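Each chain is listed here by its residues.
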Amino acid sequence: MKLPTLSGLLKKPSYTMILSILIAVMAWFVVINTAPDQERTVTVRGVPVDTSTNALASLGLNVIEGGDPWVSVRVKGRVIDVGNLEPEDIQVTASFADIVGAGTYDLRLTATTSAGTVEAITPPTITMTFDREVNKEIPVIVDVNGLSVPENDYILGSVSASPSSVVIRGPEKEVSRITRAVVHADLSEPLTRSQVISSNISLINSEDEEVTSGHITSDFTAADITIPVKRKVELPLRVSFINVPEGFPLEELEYTLSNETIVVAAQERSIANTTEIIAGVIDFEQLDLTEQSTYTFRVRLSDDFVNIENIENVVVEFDIEGLASTYLNLNQFYIVNEPSGFTVSSMTQSLYNVKIIGEEKAVKALKSGDFMVTIDLSDRDVQVGQYEVPVNISAPTQGKVWALGAHTAVINIQ
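Residues numbered from 1 in each chain as written. Predicted model: local features only at pLDDT ≥ 70, side-chain atom pairs only at ≥ 80, totals over all residues. Heavy atoms only, no water.

### Structural notes on the overall build of the chain
The condition that has to hold: Here a strand is any run of E in DSSP of at least two residues, a helix any run of H or I of at least four, and the numbering for each starts at the N terminus. C-alpha atoms define the radius of gyration, and 2.2 Å times the number of residues to the power 0.38 defines the globule rule. Each residue is placed in one exposure class: buried if its accessible area under a 1.4 Å probe, protein chains only, is under 20% of its type's maximum, exposed if it is over 50%, and partly exposed if it falls in between. Here, two residues are considered to be in contact whenever any of their heavy atoms come within 4.5 Å of each other. The charge count includes Lys and Arg as positive and Asp and Glu as negative, but it does not include His or the ends of the chains. By convention, the charge on Lys lies at NZ, on Arg at CZ, on Asp at CG and on Glu at CD.
Helix and strand counts for the chain stand at seven helices and 32 strands. Here the C-alpha radius of gyration of the chain, 47 Å, is well above what a compact globule of 414 residues would show, namely 22 Å. Referenced to the eigenvectors of the C-alpha coordinate spread, the extents of the chain come out at roughly 145 × 70 × 60 Å. Here the chain holds 414 residues, and the buried ones make up 35% of them. Restricting the contact set of the chain to residue pairs at least 6 apart, pairs at least 24 apart contribute 75%. In the chain, the 29 positive side-chain charges and the 55 negative ones have mean positions that sit 13 Å from each other.

Structure, rendered in structure tokens:
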């Protein structure tokens, strides 16, 4: 095989480049070894500027921009010292002497190195912005496009955002311009159910422009938009009775309501479980229709319900025609649900002057023996001793009659 000649190799660019590098390296070593004290000027790029200082703290300022600057430094020195000079071998510091308050400043730079003399810094100054960092709480406003519900059947509740406010932090000058936060959503069709939509929070200034500054932070970047949709429905109004005597024919008690129905609206889950609205509660022990025949109740709805017609009161009027009253002494006591292992007796033998209400014909024929005074021990923690307990008074076979008042008896348990 024929070996390549030197002239042939020199004609090839790749070999020429390698040979040039080798010659340059050899020349460098010759210079270093033969003239180490010869001076040389080098430029080192990417030298970090030390911007740490205690001066800002005393003024209550923070660095807003220009916190991590880099510069180039020209150094003159002996070849042996500057030949391998690195950025970390040079210390560049910024002067904060001229800072008196918030604003943007051109800070003078100084540089030192043990390798030689600093001839120049490029650029000779750096620009930094300082301001006080402040917190500000602003409301979150909901903006929903296309928000609607089917007419006549639904209503919109109060649209809200969670969180309802955010706390932003940043330069005082920028923060002061921000007036509100906004969450936005777009809807394409009417709603028939409540919706919760997550959306990013936008910060808006006093000129209705969105603020996108990287200097401002917020404790929340997104919010949930709650859109309550409530279905309208007409429900019957009712009154509820308590302490109804045993065997009393409640269906025979005649009364009317000023409003038989009420139109309300509520979320679907509430409407589905509601068949009527209770206007008020009437206690039979206090129902003296010989003294008062009308009762007024303020309409109170659950928090989720809306009173569409704004009916504030419902008046219940009883038919008192043919009613009368009398007074009886009752002495027929009965103890029910007596616990096993105990002997229970009533120490009270009579209830005196108990007012009885009922139909006049029935009232005239009533006798003391027609009434039962019942002591029910089913819901009591029974122990040996004497106790005052409530009683129930009823006349199961006498129709529409009842006793007034809350009565008690004393029992003895052994």
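### A few points about the packing of aromatic side chains
Note the cut-off: Note on aromatic contacts: the rings of Phe and Tyr and the six-membered ring of Trp form a pair at centre separations within 6.5 Å, being stacked when their planes are under 30 degrees apart, edge-to-face when over 60 apart, and tilted otherwise.
One pass over the full model with this rule turns up nine aromatic pairs. The interplanar angle of 65 degrees and the centroid separation of 4.9 Å between the aromatic rings of Phe 248 and Phe 284 together place this pair among those described as edge-to-face. One end of the pair, Phe 248, is in the loop between β17 (229-242) and β18 (255-257); the other, Phe 284, is in the loop between β20 (277-283) and β21 (294-298), and 36 residues separate them in sequence. Comparing Phe 248 with Phe 284, the two get one shared label, buried. Cluster of aromatic residues (ring-pair linked, three or more members): Phe 241, Phe 248, Tyr 255, Phe 284, Tyr 295, Phe 318 and Trp 402.

### Overview of unusual backbone geometry
Glycine aside, a negative phi is what most residues show, and trans is what most peptide bonds show. Residue Thr 122 is joined to Pro 123 through a cis peptide bond whose omega torsion reads -5 degrees. With omega at 5 degrees, the peptide bond leading from Ser 162 into Pro 163 counts as cis. Relative to the helices and strands, Pro 163 resides in the loop between β10 (160-162) and β11 (165-171). Even without glycine at this site, Asp 208 takes up a positive phi of about 60 degrees. Tracing the sequence through the fold places Asp 208 in the loop between β13 (195-205) and β14 (210-211). At Asn 353, a position not held by glycine, the phi torsion is positive, near 50 degrees.

### As for the sheet that holds strand β25 (residues 333-336)
Worth spelling out the cut-off: At least two DSSP bridges between two strands are needed for those strands to be called paired. Note on geometry: axes are lines fitted to C-alpha atoms, helical ones only across the stretch in contact, with angles between N-to-C directions running from 0 to 180 degrees.
Strands sit in the order β25-β28-β30 across an open sheet of three strands; the sheet is mixed. Strands at the two margins of the open sheet, each flanked by one partner only, are β25 and β30 (392-394). Within the sheet, the average angular offset between the axes of one strand and its neighbour, ignoring direction, is 30 degrees. Note that β25 and strand β28 (residues 372-376) share four bridges and pair parallel. Across the sheet, residue Ile 335 finds its bridge partner in β28, namely Ile 375.

### Brief notes about the pattern of salt bridges
What counts, and what does not: The rule for a salt bridge is simple: a side-chain nitrogen of Lys or Arg has to be within 4 Å of a carboxyl oxygen of Asp or Glu.
Applying the stated criterion across every chain yields a total of 13 salt bridges. Its salt-bridge partner being Glu 39, residue Lys 76 comes within 3.6 Å of it at the nearest N-O pair. Of this pair, Lys 76 sits in strand β3 (residues 70-78) while Glu 39 sits in strand β1 (residues 39-50), and the two are 37 residues apart along the sequence. Between Lys 230 and Asp 304 there is a salt bridge whose closest N-O contact spans 3.8 Å. Residue Lys 230 is found in strand β17, and its partner Asp 304 is found in the loop between β21 and β22 (306-307); the two are separated by 74 residues along the sequence. Note on Asp 304: relative accessible area 17%, which makes it buried.

### Notes on the nonpolar core
Selection criterion: The criterion is simple. A nonpolar core is a set of buried Ala, Val, Leu, Ile, Met, Phe, Trp, Tyr and Cys residues joined through side-chain atoms within 4.5 Å.
In terms of nonpolar packing, the biggest core is built from 30 residues, with Leu 253, Leu 287, Leu 289, Phe 318 and Trp 402 touching the most fellow members. Listed by contribution, the elements that provide at least two residues to this core are β17, β19 (261-266), β20, β21 and β23 (313-318). In contact with Phe 318, other than residues within four places in its own chain, are Phe 241, Leu 253, Glu 254, Tyr 255, Ile 282, Leu 287, Leu 289, Ser 293 and Tyr 295. Val 47, Val 82, Leu 109 and Phe 130 belong to the second-largest nonpolar core, a separate cluster that totals 25 residues.

### Quick word on the environment of Arg 300
Relative to the assigned elements, Arg 300 resides in the loop between β21 and β22. In sequence terms Arg 300 and Val 144 are 156 residues apart; their C-alpha atoms lie 32 Å from each other.

### Let's talk about the environment of Arg 45
Here Arg 45 lies in strand β1. Note on Arg 45: relative accessible area 60%, which makes it exposed. Note: C-alpha distance between Arg 45 and Val 229 (184 residues apart in sequence) is 64 Å. If sequence neighbours within four positions are ignored, Arg 45 has contacts with Val 71, Ser 72 and Pro 87.

### Description of a nonpolar patch on the surface
Counted only if it meets this: Two distance rules govern patches: like charges are joined within 9 Å, and nonpolar side chains (Val, Leu, Ile, Met, Phe, Trp, Tyr) within 5 Å, applied only to residues with over 30% relative accessible area and no salt bridge. Methods summary: accessible areas were calculated by the Shrake-Rupley approach with a probe of 1.4 Å, and residue burial reflects only the protein chains presented.
The grouping of Ile 242, Ile 278 and Val 281 at the surface amounts to a nonpolar patch, some 230 Å² of accessible area in total. Positionally, Ile 242 belongs in strand β17.

### A look at the pairing of strand β12 (residues 178-186)
Pairing of strand β8 (residues 133-145) with β12 involves six bridges; the strand directions are parallel. Of the residues in β12, the one forming a bridge with Val 140 is Ala 181. In this sheet, β13 lies alongside β12 in antiparallel orientation, the contact comprising five bridges. Of the residues in β13, the one forming a bridge with Arg 180 is Ile 204.

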